[in-house]
Amino acid sequence: MLLLAVLLFGDSSHVVQLAVSPQESVSVTVAGAGAGEPVVLVPGLFGSAFGYRHLIPLLVGAGYQAIVFEPLGVGTSARPERADYSLSAQAERLATVLDPLHVRQALEGGPAEAAATPGFRRAMRFAPWIKMFGGYGRVRREIRRSLVASSGDTSWVSDAVVDGYTTGAAHNFDGTLKAYVRMAHAREPERLVPHLAEILCPVRLVVGSAPHSGGIPAAEVRVLAARLPAFTVDTVSGAGHFLYEEQPQAVFAAIERAETAPARLPK
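Caption draft 1: How the structure looks around the nonpolar core. Formed by 32 residues in total, the largest nonpolar core has its most connected members in L41, L55, L59 and L147. At the level of elements, β4 (38-41), α1 (55-61), β5 (65-70), α5 (135-149), α6 (159-171), α7 (173-185), α9 (243-246) and α10 (248-260) are the ones that each hand at least two residues to this core. Sorting elements by how many residues they give to this core places α10 first, with 5 residues. Each residue touching L147, except ones within four places of it in the same chain, is listed here: W156, V157, V162, Y165 and F242.

Caption draft 2: Looking closely at α6. With 13 residues, α6 ought to run about 18 Å at 1.5 Å a step, and its terminal C-alpha atoms sit 17 Å apart, in line with that. Approximately 45° is the largest bend angle found in α6, and it occurs at Y165. All of the buried residues in α6 are V161, V162, G164, Y165, T166, G168 and A169.

Caption draft 3: Geometry of the pattern of salt bridges. Evaluation of the coordinates by the stated rule reveals 8 salt bridges. For the salt bridge of R145 with E142, the shortest nitrogen-to-oxygen distance reads 3.1 Å. With R145 and E142 both in helix α5 and 3 residues apart, the pair spans about one turn of that helix. Assessed through its relative accessible area of 39%, E142 is described here as partly exposed. A salt bridge links R144 to D159; its shortest N-O distance comes to 2.7 Å. Separated by 15 residues along the polypeptide, R144 in helix α5 and D159 in helix α6 bring together distant segments of the chain. Judged by relative accessible area, which is 30%, R144 ranks as partly exposed. The structure contains a network of salt bridges with shared partners spanning R204, D234 and R257.

Caption draft 4: Region of the structure containing the layout of surface pockets. Estimates place the volume of the second largest pocket at around 170 Å³. Together, 21 residues line the second largest pocket, and G47, S48, G75, Y165 and G168 are the ones closest to its centre. Residue contributions to the lining of the second largest pocket peak at 6 residues, all from α6. A per-class count over the lining of the second largest pocket returns 9 nonpolar, 10 polar and 2 charged.

Rules used in this analysis
- Residues numbered from 1 in each chain as written.
- Predicted model: local features only at pLDDT ≥ 70, side-chain atom pairs only at ≥ 80, totals over all residues.
- Heavy atoms only, no water.
- Core = buried A, V, L, I, M, F, W, Y, C linked by side-chain atoms within 4.5 Å.
- Buried < 20%, exposed > 50% of the residue type's maximum accessible area, 1.4 Å probe, protein only.
- Helix = DSSP H or I, 4+ residues; strand = E, 2+ residues; numbered from the N terminus.
- Contact = heavy atoms within 4.5 Å.
- Expected span 1.5 Å × (residues − 1).
- Bend = angle between axes of the 7 residues up to and from the residue.
- Salt bridge = Lys/Arg side-chain N within 4 Å of Asp/Glu carboxyl O.
- 1 Å grid on protein atoms, 1.4 Å probe; cavity = no way out; pocket = protein on both sides within 12 Å on 5 of 7 lines; lining within 4 Å.
- Points joined across faces, edges and corners; volume = space filled by probe spheres on them.
- Nonpolar A, V, L, I, M, F, W, Y, C, P; charged D, E, K, R; others polar.

Here it is in structure tokens:
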């Protein structure tokens, strides 16, 4: 998931926990010195800043700043039990972090209308049993299976990588399960699709061509193409869902192309 934006950070690389409300804090990773043009990265449900460990050096080496925003309940961000985990609430938290830095025209890669898929919601009905029968070990095995199934080239999925992807969940396993249950029951206050035409900046969706699970359904891609004023699809041959793991250079190249695309600003 790629969000492109422009802002200024300090010269050092660091990870900070930022409070977005009295009970909520999110993890933000900043890499790259100077006033280079930033690329803001937002991991998915089972992701974290760790997933961009190959992409970030490419960005920093080319003079960009890489900023990873881990949504509430994701990675090393907090997991308050009674928080609102809807996509709308997560977007508000992202805005809380980026608005003071004057970041505009950022979009995630899909018109999803809920924070959790139907399959994830079904699985969360068994959350109490997950802890009782298998606990973290079972979740770890399922995440590994999901990483393999979602990839075209699976050679990157190792024990060390699975550890990296599950560190945040393992640190507070009870909190992770409770946050996932809240995500499964989250309801959006309004639909996204009717607002897509209001997004005037160019949007570039990068997808892998290899057969894999996960990813954005074809029907949603058609919605993006029909509703967004400026929409482009880039296809990466041989890759699956985890493009930044399988072919980080291809993702970097897509970012370079996106930077040169003409912006469409409101009149």
